[in-house]
Structures are given as C-alpha cells and as structure tokens.
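Observations on chain architecture
These are the residues of each chain, in order.
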Amino acid sequence: MTEFGLSQAGRKPDKMAGDMRLMKDIISLVLPAIIEYSFQALVNYADFIMVGKLGIAASATIGITNEVTFLVKAGVNALGVGVLAYFAKEIGAGRRKGLKRATLQAYILALIIGIFTTVIPLAISPFLPVFLGAAKEIQRPASIYFAVASSAGVFFSFNVVAGSIRKAAKDMKTPLVVNGLVNVLNIIFNWFLIYPSLNLKILGRDIVLPRADMGVTGAAAGTAIAVAIGGVLMLWVNERSADTSARGSLVDIRDFKKTVDTDIINKYVTVGIPAFLTSVVTSFGRVIFTSMIVPLGTVVYAAHSIAFTAESAFYIPAVGMASAVAALSGNVRGEGDIKKLNRQTNLVCVMIVCIMLVATGIMMLFAEDIISIFTKDPSALEIAPRLLRIVAVNEPFFGISIVMQYVFNGIGKTKPPLFVSAFTQWVLRVGGVFLFVSVLGYGIEAAWICMISDNIGRAILLYIWYWVSNKKLLYW
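Residues numbered from 1 in each chain as written. Predicted model: local features only at pLDDT ≥ 70, side-chain atom pairs only at ≥ 80, totals over all residues. Heavy atoms only, no water.

**Side note on the pattern of salt bridges**
Put simply, the rule reads: In what follows, salt bridge is the name for a side-chain nitrogen of Lys or Arg lying within 4 Å of a carboxyl oxygen of Asp or Glu. Classification of residues uses two cut-offs on accessible area relative to the type maximum, computed with a 1.4 Å probe and protein chains only: under 20% is buried, over 50% is exposed, and between them is partly exposed.
Under the criterion given, the structure shown has seven salt bridges. As a salt-bridge pair, aspartate 171 and arginine 166 come within 3.0 Å of each other at their nearest N and O atoms. With respect to class, aspartate 171 is no different from arginine 166; both count as buried. Linked through salt bridges whose partners overlap, the residues forming this network are Arg429, Asp454 and Arg458.

**What about the packing of aromatic side chains?**
Rules: Stacked, edge-to-face and tilted are the three classes for Phe, Tyr and Trp ring pairs, Trp counted by its six-membered ring, which pair at centre distances within 6.5 Å; planes under 30 degrees apart are stacked, over 60 edge-to-face, the rest tilted. Per the convention used, a helix needs a DSSP run of H or I reaching at least four residues, while a strand needs a run of E reaching at least two, with both numbered from the N terminus. Counted as over-ring charges are cases with an Arg CZ or a Lys NZ within 6 Å of the ring centre that also lie within 35 degrees of the ring normal.
Inspection of the entire model under this criterion finds ten aromatic pairs. Relative to phenylalanine 192, the ring of tryptophan 191 has its centre 5.1 Å away and its plane inclined at 85 degrees; by these criteria the two rings are edge-to-face. According to the relative accessible area criterion, phenylalanine 192 is partly exposed, its value standing at 35%. Taken together, a centroid distance of 6.3 Å and an interplanar angle of 25 degrees make the contact between phenylalanine 419 and tryptophan 465 stacked. Of this pair, phenylalanine 419 sits in helix α19 (residues 415-439) while tryptophan 465 sits in helix α20 (residues 444-468), placing them 46 residues apart in sequence. Judged by relative accessible area, which is 47%, phenylalanine 419 ranks as partly exposed. An aromatic cluster of at least three residues, connected via ring pairs, comprises Phe408, Tyr463, Tyr466 and Trp467. One Lys or Arg, lysine 73, reaches over the ring of phenylalanine 156 and ends 4.5 Å from the middle of that ring.

**Some remarks on the environment of glycine 80**
Along the chain, glycine 80 falls in helix α4 (residues 74-92). For glycine 80, a relative accessible area of 4% translates into the label buried. Spatially, the C-alpha atoms of glycine 80 and tyrosine 268 are 8.8 Å apart, while their sequence positions differ by 188 residues.

**Points about the environment of valine 227**
Using the following cut-off: In this description, contact between two residues means that some pair of their heavy atoms is separated by no more than 4.5 Å.
Along the chain, valine 227 falls in helix α10 (residues 216-239). The buried category is assigned to valine 227, whose relative accessible area is 18%. Each C-alpha atom, one on valine 227 and one on glycine 63, is 19 Å from the other, the two residues being 164 residues apart in sequence. Residue contacts for valine 227: discarding those within four places in its chain leaves Ala152, Phe155, Phe156 and Val182.

**What about the layout of surface pockets?**
Heads up, the condition is: For each structure, a 1 Å grid was placed over the protein atoms alone; sets of points admitting a 1.4 Å probe that cannot get out are labelled cavities, open sets with protein on both sides within 12 Å along at least five of seven lines are labelled pockets, and lining residues have an atom within 4 Å of a point. Grid points are joined across faces, edges and corners, and a volume is the space filled by probe spheres set on the points. Under the grouping applied here, Gly and all other residues not named as nonpolar or charged are polar, the nonpolar ones being Ala, Val, Leu, Ile, Met, Phe, Trp, Tyr, Cys and Pro and the charged ones Asp, Glu, Lys and Arg.
Of the voids in this model, the largest pocket is the one considered here, and its volume is about 200 Å³. In terms of lining residues, the largest pocket is bounded by Gly75, Ala78, Leu79, Leu109, Ile113, Tyr268, Val269, Gly272, Ile273 and Phe276. Element by element, the count of residues in the lining of the largest pocket is highest for helix α12 (residues 262-293), at five residues. Grouping the constituent residues of the lining of the largest pocket by class yields eight nonpolar, two polar and no charged.

**Side note on the packing of helix α13 (residues 298-312) against helix α17 (residues 378-392)**
The following threshold applies: Angles shown run from 0 to 180 degrees and are taken between the N-to-C directions of axes, each axis being a line fitted to C-alpha atoms and, for helices, limited to the stretch in contact. Geometric relationships in this document are graded by angle, where less than 35 degrees denotes roughly parallel, more than 145 denotes roughly antiparallel, 65 to 115 denotes roughly perpendicular, and other angles denote oblique. By convention, the crossing between two helices is left-handed when the near helix turns anticlockwise from the far helix through less than a right angle, and right-handed when the turn is clockwise.
For the pair α13 and α17, the least separation of the axes is 8 Å and the interaxial angle reads 45 degrees. Viewed along their axes, α13 and α17 adopt a mutual orientation that is oblique. For the pair α13 and α17, the crossing hand works out as right-handed. When α13 is examined against α17, the residues Val299, Val300, Ala303, His304, Ile306, Ala307, Ala310 and Glu311 are found in contact with a partner set consisting of Ser379, Ala380, Ile383, Ala384, Leu387, Leu388 and Val391. Residue composition of the contact of α13 with α17, grouped by class: twelve nonpolar, two polar and one charged.

**A word on the pairing of strand β2 (residues 205-209)**
Test applied: Here, any two strands with at least 2 DSSP bridges between them count as paired.
Counting buried positions along β2 yields zero of five residues, so the element is predominantly exposed. Judged from the five bridges that link them, strand β1 (residues 198-202) and β2 form a sheet pairing that is antiparallel. Considered in β2, the bridge of lysine 201 is made with aspartate 206.

**Observations regarding the environment of arginine 247**
Within the secondary structure, arginine 247 sits in the loop between α10 and α11 (256-259). Exposure remark for arginine 247: the relative accessible area of 47% places this residue in the partly exposed category. Each C-alpha atom of the pair arginine 247 and threonine 118 lies 27 Å from the other, and the pair is 129 residues apart in sequence. Look past the residues within four positions of arginine 247 in its chain and what remains in contact with it is Lys100, Glu239, Arg240 and Ser241.

**Description of helix α8 (residues 153-168)**
Operational definition: Multiply 1.5 Å by the residue count of a helix minus one, and that product is the helix's expected span.
Taking 1.5 Å as the rise per residue, α8 with 16 residues should run 22 Å; its terminal C-alpha atoms sit 23 Å apart, in good agreement. Most of α8 sits out of view: 14 of its 16 residues are buried. Looking one or two places after α8, you find lysine 170, whose phi comes out positive at around 65 degrees.

Set out below in structure tokens:
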C-alpha cells in the first residue's frame, strides 16, 4: 500500500475515535440538561394536572396567560443567553481570570431585569384576561393566578443567570438538582394549597389534615414559593465556586461606576438583545395566536391548552439538549475550531431527530391515553387527541429548530434566529391563523397546522443559514 493510502486509512479510525469522544462529551452534558429541563417543565405540568381536577374552567384559567408569561420572562432568558455565551467563550479560551467580575455584572443585570419581571405582571394582571378575550367567569381567577405566579420574578432571574454560569462551566448537575428540588416542592405546596382539608381515619380515629383550599390561586402561590427557593439555592451554589462566584469583586456603593464594568455588560447586551427580541417576536406572536383561538370557546381553548401542555412533554429532550449545546458551542468558539463545531452540530442534529421520531410514534399511537392524564372532560378528550396527532408530525423539525437556535446563541450569533423566527412566526403562524381561522372560519385543527408550519419552516431556514454562513460563524 502506498504512503498516501496508509495515511488515508489511518485518518478514518482517528476520525471515528474523535467522533466517539465528542459523542461521549455531548451525552455527558446533554443527559443532565434534559433531566433538568424535565424538572422545570414538570412545574407547569404539576399545576395543570393538579388544577385539572378542579374542572375544565380551572384548566382554561391557568392556560390563558401562559404565552404572556413566556413573553414577560423573555428579558431574563435573553440575559441568560448572553451570560452563557460570554462565559462559555471565555472558559473555552482558557481565560478564567476575569470571571468573578463578569459574574457580578450578571448579578446586577439579573436584579434589574428581575424587578421588571415582577412589577410588569402585577401592573397588567387586572386587564390581561379581558384583552385575551377570556370568558367572563374565568377573568378574575386568571388575573389573580398570573399576578401571584409571577411574584417571584427576581428569584427566577437569579436562577436563570446563576444556572447559565454553571452550564457554561459544563456543570449541568447543579441546575438538575436545584430544579428537581423546585419541582418536588411545587407539588408539595400545591397539594397543601389547592385542595380543601382532608379527612383521614387512622387507627380508628378521625383526623383532619388542614389544607388551604385556595384552588387556582393556591397553584400560583405554590409555584411562586418553589421558584423563590430555587433562585436562592442556585445563587448559593454558584457562590461556592472558586472561579465563577462574585466574591472578591469590587463593590463600591458610593461610586457605582467602579462596580459596573460597561465592557462586559455591553457584551451581554450585544448577544442578549437579539435573543430578547427573538423571544418577544415569538412570544407576542403566540399571544396574538392565542387571542385568535380564545373566541372559539372555553372548551376548545381548554382542549388546545391541554394538548399544548401534553405535547410540550415530548419536546423536553430538544429544549433540554439546547442549553448543553449552547454551552458546548460557546466553548468551541473560544477554542476557534470550526471543524469541531460542525461535527458537534451534525451529531446533535442526528441525535435529536432520532429521539423526536420516537416521540412522534408515541403521540400518534397513544394520543387519547396521554390527554386523559390531564383531563377527564369528555369534550376535551374528543378534541385534544386530534391536535396531538397533528403536532406529532412536527416533532423532528421542532427538535432541529431548537438545537440550531441554541448553536447560534452559544457562539454569540443571535441575529439569525431573530430574523428567521420573525418571518416564520408572523407570516406562517399568525398570518396563517388569521387567514384560515379568523377570515375563512376553519377550526382549531387549521390553527395547529399553521403552528407546525412555523416550526418546520424555522428548522429548514436555520439549518440552511448555518451552512451558508459557515466560514464566518466564529467571528463577531
């Protein structure tokens, strides 16, 4: 064999070994991230399932403000993107010296944005259900639920920011443990706050176990308390880290300019603003999408909310994987290795498509059984399984769209997701629902077809954008 042939033969095993090592690195970070997001999502499911026992109106009450909640949290989540991208790049490049000061800047922004995230919901809660077209009987409870559930905004902000720092440092276990505890506490608080006192018979004696009987408001209070505890714990754990705690950073209350590092904050903002606008564009689009579905009636909207919540359980792997992908991509950007980034992106896309194809099969085969977990209402059980089967087609594309968005976010290129999301959200989803539902009078099924067209279009466009601009990806 020629020297060239030997060299080519040697490269294939080396490449395969490199891919296997990369796959192990991805899996070691992705699995804790998926489990951690599962716990986050279970907070919402716990509310939905436990409140669902109170009836269909109660399910509609907590579902109607969901999209606005995502919109209100957009600023915090965008800050998390900016912080993760900055820390991942610095850690990947081996520049750990200035991380303490960078943490302090992240905390300052977390406090400011967290205050807004708390105050804005309190201000708009009396008017929001009316604006969204909610039925009169659920307007007041929906308003109270939204205000109370949002009252822990500052703690949520610190949870996201401190959690982003841990993820950038490839510590996926801390967010997993903290958010797992948050979910357990949420279920416990819900059980005591939602339902009336429980009469028990133990050893022949009648015992009354006191509970608050607060209904929907109890679910909101349970969530807020659990989220507050989670924020404190995440902050405490990050402060125990030698590299990424803010301890030792200069804090001068008399001269705030010495405390604030505008260079670092500008880097957070440069990455964070497009990510924030992406969240605003998509969340506000979903709010308008919701407002066009609400007039179809309380039962139809409740079925929509239940199906949407049920479906979101199946995209947990994609969203969970996304934060790990963002951290890995940011680290590779710091290393300056575009070939490694491409291999990593391809491997993750293959992994998520395989996982989401399994989700598609489960949703197609067991739609009725899945919906029955969330409600026993006959009307919802008739409508919601049809919606679940419609959205099942979309799952692999949704997985790719989320992964590609977070690859861009992780390397600090947050504008492509903004431009693509603006187009698909407002043209395909909102425009489609306006045309087919509001103008032509088609039902909820048409609205869901428009919804999945948004996700499919986003996946295709982001994937194309990544490869067309590949040579420029590692530069600001």
